[in-house]
Amino acid sequence: KLDWDVCILMTVPPLLPWLVKCVRKKVGAKRKIVAWLMDLYPEALAASGRMNEKCIFYRSFLRSRQRSLAAADLLVCLGEAQKERLGDLAEKVRCVVVPPWDRREGMSRAEEGKLQSVALYAGNLGEAHNYRQILEAARHMPADWTVRFAVRGAKERALRKDSWKMNNVRVTEYESEEETPAMLASARVHLITMSPGWEGVVVPSKLYGCVRTGRPVLFLGPEQSDTAREIRKHGWGEVLPPDAGGESVARTIVKLGSVATKEWTLEDGARNFASIVAKLD
């Protein structure tokens, strides 16, 4: 038997709620259980079109998820929109917001002399993300600009197919851990996207690595998403709707590219999380 006071559960999202319930049943009320939420299920299934919110399986899945998470002593969400998605559960169980953070070694502020005229989308290109507005924007970009995708995920193959004839678009695999800091610090503008309906369901962590470079971020996504809220709150860049036209996106990229590099002070999410867990009684 392991001797512990607090169990922090963070696993494959669909399984997390049931794991909370299983651990609670095993240890009773003596020990504290923290559920650290990432993507929300079954909401992700509905957002992707795989399941209708009105179907009986979805409603049953959601009710079961809520009951299982209610067994936790603390719920940790990645953003306010995600917390709002939990509805009444966030009032029944203590629920706190700790945004993602990036403490990787080697990450540094961009240097003007090393910047390239590149708009960079780096990271996962999954079902919650779109790239078509970026490709449309590339058609309206000045000749000296390049749009680069350094990606992995479900839509990578489709992106390569749709962009292979575009001379100012580069699609590469995501860089290694050692090469990532230099890649991020070379771009004048960072790009993040989110399709409608995914707000609060996912919270892209790539934002926090991008802003460590001091370069602005353009987010194409829902206004009420956590990413949009964070960018507006801290002045980290611009937010455009997910269906923004290519010319508008291109103009915004060029405008952000002329902005001076800044040094933003980021919250120490790791320290905040540790402090919250340490105060559980």
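None of these values were measured; they are calculated from a predicted model. (Residues numbered from 1 in each chain as written. Predicted model: local features only at pLDDT ≥ 70, side-chain atom pairs only at ≥ 80, totals over all residues. Heavy atoms only, no water.)

J.: Quick question: what am I supposed to make of the overall build of the protein chain here?
T.: Regarding its fold elements, the protein chain presents twelve helices and ten strands. Rg of the C-alpha trace for the protein chain: 20 Å, near the compact-globule value of 19 Å for 281 residues, within the 12% margin. Taken along the three principal axes of its C-alpha coordinates, the protein chain extends 65 × 40 × 30 Å. Classification of the 281 residues of the protein chain by burial places 51% in the buried group. In the protein chain, the proportion of contacts linking residues at least 24 apart, taken out of those at least 6 apart, comes to 68%. If you sum the accessible surface of the protein chain, you get close to 14500 Å²; carbon and sulfur atoms cover 49% of it. For the protein chain, the separation between the mean place of its 44 positive charges and that of its 35 negative charges on side chains is 5 Å. (Helix = DSSP H or I, 4+ residues; strand = E, 2+ residues; numbered from the N terminus. Rg over C-alpha atoms; globule rule 2.2 N^0.38 Å. Buried < 20%, exposed > 50% of the residue type's maximum accessible area, 1.4 Å probe, protein only. Contact = heavy atoms within 4.5 Å. Areas by Shrake-Rupley, 256 points an atom, 1.4 Å probe, with all protein chains shown as cover. Lys, Arg positive; Asp, Glu negative; His and termini not counted. Charge placed at Lys NZ, Arg CZ, Asp CG, Glu CD.)

J.: I tried to follow the sheet that holds strand β1 (residues 6–9) on my own but got confused; where do I start?
T.: Strand pairs in the sheet, formed through backbone hydrogen bonds, run parallel or antiparallel to each other. Here four strands make up an open sheet; going across it, the order is β1-β2-β3-β4 and the pairing parallel. Two strands close off the open sheet at either side, each with one partner strand: β1 and β4 (95–97). Put simply, the sheet's adjacent strands are angled 20° from each other on average, direction ignored. Both strand β3 (residues 74–77) and β4 contribute to a ladder of three bridges, which runs parallel. From the neighbouring strand, Val76 faces β4, where its bridge partner is Val96. (Pairing = 2+ DSSP bridges. Axes fitted to C-alpha atoms, helices over the stretch in contact; angles between N-to-C directions.)

J.: I would appreciate a short explanation of the side chain of Arg24 in the present structure.
T.: Here Arg24 shows up in helix α1 (residues 16–27). Reaching out from Arg24, the side chain makes a polar contact with the backbone oxygen of Gly28 at a distance of 2.6 Å. For Arg24, the residues in contact, after removing those within four places along its chain, are Ala29, Arg31, Ile33, Ala71, Ala72 and Asp73. (Polar contact = N/O pair within 3.5 Å; in protein donor to acceptor, adjacent residues only side chain to side chain.)

J.: Looking at this structure, how should I read the pairing of strand β7 (residues 169–173)?
T.: For a regular strand, side-chain orientation follows a simple rule: the groups alternate between the two sheet faces. Note: strand β6 (residues 146–152) against β7, five bridges, orientation parallel. By the bridge assignment, Val147 is partnered in β7 with Val169. Regarding topology, helix α7 (residues 156–163) serves as the crossover connection from β6 to the parallel β7, and that connection is right-handed. (Right-handed = clockwise from strand over helix to strand, strands pointing away.)

J.: Got a minute to help me understand the environment of Glu175 in this structure?
T.: Tracing the chain through its elements places Glu175 in the loop between β7 and α8 (180–186). When its relative accessible area of 23% is taken as the criterion, Glu175 is described as partly exposed. Between the C-alpha atom of Glu175 and that of Gly123, which follows or precedes it by 52 residues, the distance is 9.1 Å. Of note is the side chain of Glu175, whose polar atom sits 2.8 Å from the side chain of Arg148.

J.: Where do I start with unusual backbone geometry in this structure?
T.: Where the residue is not glycine, phi is negative for most of them; where a peptide bond is considered, it is trans in most cases. At the junction of Tyr41 and Pro42, the peptide bond is cis and its omega measures out at 15° in the coordinates. With respect to the helices, strands and loops of the structure, Pro42 is situated in the loop between β2 (32–36) and α2 (43–47).

J.: Where do I start with the nonpolar core in this structure?
T.: A general feature of soluble globular proteins is that nonpolar side chains tend to end up buried together. In terms of nonpolar packing, the biggest core is built from 27 residues, with Phe149, Leu159, Val169, Leu191, Leu218, Val249 and Ile253 touching the most fellow members. Of all the secondary structure elements, the ones that give two or more residues to this core are β5 (116–124), α6 (132–138), β6, β7, β8 (187–193), β9 (217–220) and α11 (246–257). Judged by nonpolar contacts, the second largest core, of 21 residues, contains Cys7, Val20, Ile33 and Cys95. (Core = buried A, V, L, I, M, F, W, Y, C linked by side-chain atoms within 4.5 Å.)

J.: Sorry, what's going on with the state of the cysteines here?
T.: Here, the word disulfide means a covalent bond between the sulfur atoms of two cysteines. The full count for this structure, using the stated rule, is zero disulfides. Residue Cys22 stays outside any disulfide, its sulfur separated by 12 Å from that of Cys7, the closest cysteine. For Cys22, a relative accessible area of 52% corresponds to the exposed category. (Disulfide = S-S within 2.5 Å.)

J.: Can you walk me through the pairing of β9 in this structure?
T.: Residues of β9 alternate between two faces, with Val217 and Phe219 on one and Leu218 and Leu220 on the opposite face, all of them buried. Sheet topology note: the β8/β9 ladder contains four bridges and is parallel. In the sheet register, Leu191 faces β9, and the bridge partner there is Leu218. Between β8 and its parallel partner β9, the chain crosses via helix α9 (residues 206–211), and the hand of that crossover is right-handed. Note: β9 against strand β10 (residues 237–240), four bridges, orientation parallel. By the bridge assignment for β10, Val217 is matched with Gly237. Where the polypeptide runs from β9 across helix α10 (residues 226–234) and back to β10, its parallel neighbour, the crossover connection is right-handed.

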